[in-house]
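Coordinate inspection notes
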Amino acid sequence: MKKRSLVSIDDFSTEEIIKILDLAAEFEKEPVRKLLDGKVVATLFFEPSTRTRLSFESAINKLGGKIVGFSDATNSSVSKGETLHDTIRMVSSYSDLIVMRHPIEGSARYASEISSVPVINAGDGANQHPTQTLLDLYSIRKTQGTLENLNIFMVGDLKYGRTVHSLMMAMSRWNATFNFIAPEELRMPDEFKLYLDNIGLKYYEHTDFTDIISKADIIYMTRVQKERFSDPMEYEKVKNVYVLRNSMLKNTKPNMKILHPLPRVNEIHVDVDANPKAYYFEQALNGVYTRQAILCTLLEINF
Ligand code: CP
């Protein structure tokens, strides 16, 4: 049987992405539909998660499917030394689809090559987080009315941030202009800038954004990820480098929206939460509808 995995956002064509966003809009209108009756979905989380795991599990429940898996690999036979190869081989015989988060870059692609069922990458190290990107695209289209020609500010940890890597690749399909705001230590890696160079898209790099904030359509804040630093002193140097405060939003565009994949630490002050431009909690809710659409697409459920 042909199986289709989602490992990188580039695994989907632009037409397929738009179809998923349209399907997600249908699920937002009517989330409870028993389309996965009889299906078993495995959620294998080798790294901590709140939103990705729980929104997938919420999506599966709303669709009438069943869930097996673990949220902590120390409770699985991984703790006895079982390899990723053998874990995936076994779990793919127990389930119809695998959702996997793993700390090693490339692990999701490897799993998809071993598995006999579709694999969804729920984040592989600093590499990619394509389902986050699809819910980000859904949130951007819903709030801006379009994905075309937007000015996207990405702020914070652009080096290790898998969400910004996936989102940048996706938004480049709709002629976005990118402003990358990061400290020297956490700049967008060259490979992603080369990606934009090769398709002729403009990007600008900054270490501060207070003077240019009025140009943003979307401000995508990110957490400086402590768990990706091998040297704790390096983390201490940059951990509070950007803190978005309500007072900074006075001269922003009326329809500008602030997104964040969450969890946040200090990078968005709580005084922003009540501002109508804060959209990060709604963004996380959109993850349920978007993941319903992704599950149905990969399981080839027609309705
Ligand atoms: N956005 C995101 O991936 O959040 P979690 O780490 O809580 O899943």
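For the structure, check the block above.
Presented here is an overview of the structure given in this document. Note that this is a predicted model, so its numbers are computed, not measured.

Rules behind the numbers
- Sequence order as written defines residue numbering, which begins from 1 separately in each chain.
- Local features in this predicted model are restricted to residues whose pLDDT is 70 or higher, and side-chain atom pairs enter the listing and the counts only when it is 80 or higher, whereas totals over whole chains, interfaces and linings include all residues.
- Side-chain metrics rest on all non-hydrogen atoms present in the structure, leaving aside hydrogens and water.
- Each helix is a run of H or I in the DSSP string that is no shorter than four residues. Each strand is a run of E no shorter than two, and both are numbered from the N terminus.
- A radius of gyration in this sense is built from C-alpha atoms; the matching globule rule multiplies 2.2 Å by the number of residues raised to 0.38.
- Using a 1.4 Å probe on the protein chains alone, a residue whose accessible area is under 20% of its type maximum counts as buried, one over 50% counts as exposed, and one in between counts as partly exposed.
- Note on areas: Shrake-Rupley with a 1.4 Å probe; residue coverage comes only from the protein chains shown.
- Under the convention used here, Asp and Glu are negative, Lys and Arg are positive, and both His and the chain ends fall outside the count.
- For this purpose, a charge sits on NZ of Lys, CZ of Arg, CG of Asp or CD of Glu.
- Strand pairing requires that DSSP identify at least two bridges connecting the strands.
- Lines are fitted to the C-alpha atoms to define the axes, a helix being fitted only along its stretch in contact, and any angle between axes, read from their N-to-C directions, falls within 0 to 180 degrees.
- By definition in these notes, contact holds between two residues if any of their heavy atoms fall within 4.5 Å.
- Working definition: rings of Phe, Tyr and Trp (its six-membered ring) pair if their centres are within 6.5 Å, and the pair is stacked with planes under 30 degrees apart, edge-to-face with planes over 60 apart, and tilted otherwise.
- Salt bridge, as applied in this entry: a Lys or Arg side-chain nitrogen positioned within 4 Å of an Asp or Glu carboxyl oxygen.
- Crossovers are marked right-handed if the path from the first strand over the helix to the second runs clockwise, as seen with the strands pointing away from the viewer.

Turning our attention to the overall build of the protein. When you go through the protein residue by residue, the secondary structure sums to nine helices and nine strands. Computed over the C-alpha atoms, the radius of gyration of the protein is 19 Å, within 12% of the 19 Å expected from 2.2 N^0.38 for a compact globule of 303 residues. Its C-alpha atoms give the protein principal-axis dimensions of about 55 × 45 × 40 Å. Looking at the protein residue by residue over its 303 residues, the buried ones come to 54%. Element-wise, carbon and sulfur atoms account for 50% of the exposed surface of the protein, whose accessible area totals about 13,300 Å². For the protein, the separation between the mean place of its 37 positive charges and that of its 39 negative charges on side chains is 4 Å.

Turning our eyes to something else, we now look at the sheet that holds strand β2 (residues 66-70). Taken together, four strands build an open sheet; the order of strands is β2-β1-β3-β4 and the sheet is parallel. The sheet is open, and its two edges are formed by β2 and β4 (119-124), each paired on a single side. Direction aside, neighbouring strands of the sheet carry axes that sit 15° apart on average. With five bridges connecting them, strand β1 (residues 40-45) and strand β3 (residues 97-102) associate as parallel partners. Its bridge partner lying in β3, Leu 44 is registered against Met 100. Docked against the sheet, helix α2 (residues 51-62) engages β1, β2, β3 and β4, running at close to 175° with respect to β1.

The geometry of two aromatic rings is summed up by the distance between their centres and the angle between their planes. Enumeration according to the criterion identifies five aromatic pairs in this entry. Pairing Phe 209 with Tyr 242 gives two aromatic rings, centres 6.1 Å apart and planes at 75°, and the pair type is edge-to-face. Taken together, the residues span a long stretch of sequence, with Phe 209 in the loop between β7 (203-206) and β8 (218-221) and Tyr 242 in the loop between α8 (232-238) and β9 (257-259) at a distance of 33 residues. Exposure remark for Phe 209: the relative accessible area of 3% places this residue in the buried category. Tyr 242 sits in the buried class, given a relative accessible area of 8%. Ring geometry for Tyr 280 and Phe 281: centres 5.2 Å apart, planes at 65°, overall edge-to-face. By relative accessible area, Tyr 280 is classed as buried at 1%. Of the residues examined, Phe 281 reaches a relative accessible area of 48% and is grouped as partly exposed.

Attention now goes to the pattern of salt bridges. In the structure shown here, the tally under the stated rule is 17 salt bridges. The closest approach of N and O atoms between Lys 193 and Asp 190, which form a salt bridge, is 3.5 Å. Taken as a pair, Lys 193 and Asp 190 lie in helix α7 (residues 190-199) at a separation of three residues, close to a single helical turn. Among the ionic pairs, Asp 273 bridges to Arg 264, the shortest N-O distance being 2.7 Å. Linked through salt bridges whose partners overlap, the residues forming this network are Glu 184, Arg 187, Asp 190, Lys 193 and Glu 205.

Turning to the pairing of β3, a few remarks are in order. Of all the six residues making up β3, six are buried; the element is thus mostly covered by neighbouring parts of the structure. Residues Leu 97, Val 99 and Arg 101 line one face of β3 and the alternating positions Ile 98, Met 100 and His 102 line the opposite face, and both faces are buried. Bridge count for β3 against β4 is four bridges, and the pairing is parallel. Bridge assignment links Ile 98 to a residue of β4, and that residue is Val 119. Following the chain from β3 across helix α4 (residues 107-114) to the adjacent parallel β4, one finds a crossover that is right-handed.

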